[in-house]
Amino acid sequence: MPGSRIQDELFSSRSARGKYASLVVGRRGLGALLQYEFVIALAQARAGALGLVLRKQLYPWLLGGCGRNVIFGQNVVLRHPHKIHIGSNVVIDDNCLIDAKGESNQGIRIGDGVFVGRNSILSCKNGDIELKDGANIGFNCEVFSASRVTIGAGVLMAAYGYVIGGDHDFSDPGRSVLDQSRTSAGVIVGDGAWLGAGVKILDGVTIGSHAVIGAGAVVRDAIPDRAVAVGVPARVVSSRDA
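Note that the structure is a prediction, hence the values are computed from the model and not measured.

A. Here's a closer look at the overall build of the protein. Along its length, the protein carries four helices and 25 strands. Against the globule reference of 18 Å for 242 residues, the protein gives a C-alpha radius of gyration of 19 Å, in line with a compact fold. Its C-alpha atoms put the protein at 60 × 50 × 25 Å along the principal axes. Split into buried and exposed, the 242 residues of the protein put 43% on the buried side. Residue pairs at least 24 apart in sequence account for 24% of intrachain contacts in the protein once pairs closer than 6 positions are excluded. Entry remark: accessible area of the protein is about 11600 Å², with carbon and sulfur atoms responsible for 55%. Side chains of the protein give 25 positive and 21 negative charges; the mean places of these two sets differ by 6 Å.

B. Quick look at the pairing of strand β12 (residues 142–145). Two strands pair when backbone bridges link them, and strand β9 (residues 121–124) and β12 are joined in this way by four bridges, in the parallel orientation. Across the sheet, the residue bridging to Leu122 is Val143, located in β12. The sheet contact formed by β12 and strand β15 (residues 162–165) spans four bridges and is parallel. Paired with Ser145 across the strands is Gly165, a residue of β15.

C. Broad picture of helix α4 (residues 48–62). When the terminal C-alpha atoms of α4 are compared, their 22 Å separation across 15 residues agrees well with the 21 Å that a helix rising 1.5 Å per residue should span. Residues of α4 that are buried: Gly51, Leu54, Arg55, Leu58, Tyr59 and Leu62. Buried-residue contacts for α4 involve α3 (30–44), β2 (71–72) and β3 (77–79).

D. Representation of unusual backbone geometry within the structure. Across the junction of Val232 and Pro233, the peptide omega takes the value -5°, indicating a cis bond. Tracing the backbone shows Pro233 in the loop between β24 (227–230) and β25 (235–239). Of note in the backbone geometry, Asn89 takes a positive phi value of approximately 55° without being a glycine. Looking at the element boundaries, Asn89 is found in the loop between β4 (84–86) and β5 (91–92). Residue classification places Asn89 among the partly exposed positions, given a relative accessible area of 48%. Unlike most non-glycine residues, Asn126 shows phi in positive territory, near 60°. Assignment of secondary structure puts Asn126 in the loop between β9 and β10 (128–131). For Asn126, a relative accessible area of 30% corresponds to the partly exposed category.

E. Molecular detail of the packing of α3 against α4. Taken N-terminus to C-terminus, the directions of α3 and α4 make an angle of 160°; their axes are 10 Å apart at the nearest point. By the angle between their directions, the pair α3 and α4 is classed as roughly antiparallel. Judged by the sense of rotation from one axis to the other, the crossing of α3 with α4 is left-handed. Only Leu54, Arg55, Leu58, Tyr59, Trp61 and Leu62 of α4 make contact with α3, whose side of the interface consists of Gln35, Tyr36, Phe38, Val39, Ile40, Leu42, Ala43 and Gln44.

F. Broad picture of the nonpolar core. Ile92, Leu131 and Ile207 are the most contacted members of the largest nonpolar core, which totals 58 residues. Here this core takes six residues from α3, the largest share from any one element. If we ignore the near neighbours within four places in the chain, the residues touching Ile92 are Ile71, Phe72, Gly73, Val76, Ile86, Ile98, Ile110 and Val116.

G. Local environment of the sheet that holds strand β6 (residues 97–99). As summarised here, the arrangement of the seven strands in space is β3-β6-β9-β12-β15-β20-β23, forming an open sheet in which the pairing is parallel. What marks the edges here is a single partner per strand, and that holds for β3 and β23 (218–219). Pairing of β6 with β9, which is carried by three bridges, proceeds in the parallel orientation. Residue pairing for β9: Asp99 is matched across the bridge by Ser123.

Reading the values: rules and limits
- Sequence order as written defines residue numbering, which begins from 1 separately in each chain.
- Restriction of local features to residues with pLDDT of at least 70 applies here, the model being predicted, together with a cutoff of 80 or more for giving and counting side-chain atom pairs; totals for whole chains, interfaces and linings are based on all residues.
- Only hydrogens and water are removed before side-chain values are computed, so all heavy atoms of the structure are retained for them.
- Secondary structure elements are taken from DSSP: a helix is a run of H or I of four residues or more, a strand is a run of E of two residues or more, and numbering for both begins at the N terminus.
- Values of the radius of gyration come from C-alpha atoms, whereas the globule rule sets the reference at 2.2 Å times the count of residues to the power 0.38.
- Only protein chains enter the area calculation, which uses a 1.4 Å probe; residues under 20% of their type maximum are buried, those over 50% are exposed, and those in between are partly exposed.
- Should any heavy atoms of two residues lie within 4.5 Å, those residues are considered in contact.
- For every accessible area listed, the method is Shrake-Rupley and the probe measures 1.4 Å; residues are considered covered only by the protein chains on display.
- Charge counting treats Lys and Arg as positive and Asp and Glu as negative, with His and both chain ends excluded.
- Every charge is mapped onto a representative atom, which is NZ of Lys, CZ of Arg, CG of Asp or CD of Glu.
- When DSSP locates at least two bridges between a pair of strands, those strands are taken to pair.
- Here, expected helix span is obtained from the residue count minus one, scaled by 1.5 Å.
- Note on definitions: angles span 0 to 180 degrees between N-to-C directions of axes, and those axes are lines fitted to C-alpha atoms, for helices only across the stretch in contact.
- By the definition adopted for this analysis, an angle is roughly parallel if under 35 degrees, roughly antiparallel if over 145, roughly perpendicular if from 65 to 115, and oblique otherwise.
- In this scheme, a crossing is called left-handed if the near helix is turned counterclockwise away from the far one by less than a right angle; it is called right-handed if the turn is clockwise.
- Buried Ala, Val, Leu, Ile, Met, Phe, Trp, Tyr and Cys residues that are joined via side-chain atoms within 4.5 Å together make up what is termed a nonpolar core.

See below:
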């Protein structure tokens, strides 16, 4: 069942350590597990200035790459952290999930000067996510990828936004959607675009550079560069060139 892969992993006959390594740590071996557990137990939930210092010093041990001046808020969760690469001067606020899970993906790359607001989720299901330099992800957002999702440089994504780089096949009405395969064409959000509060970008969509998407819009078709689009489904109502 493609829709319940995590359940299948959790309830398989593998050892508890093997399941945990597969779903969370992302690497086999006792050394990788002990390193992950040491960092998380010591730093993840630690409050106050001490917690900030510990995460700043210890989280890079787990990551595939980490620049200077990266701030990790309280309870930031890392999954498959060796496939997470973070630039410099980045803020990842409290309670975020950065999940690079996958068997053959490259994972998550976060550029310089990026802000990820609290309670937001970057989630891979064997896909890749790239947040380019200066992208700003608001509170309570989700970026999901089952293939490739790119958020361009200087993109402003307001609170409660969703970028959904994956879909379900529902062509067989005699079977539940969970029993059918998943598809993913990916999503591209061009440089300098603004996604208003509660915007939902569906799989296969390209948002042009410097486009503006009005609050609450559901985007299922491509939006040209510098266009202004609103509504459900989103439609272009003007151009910033004017």
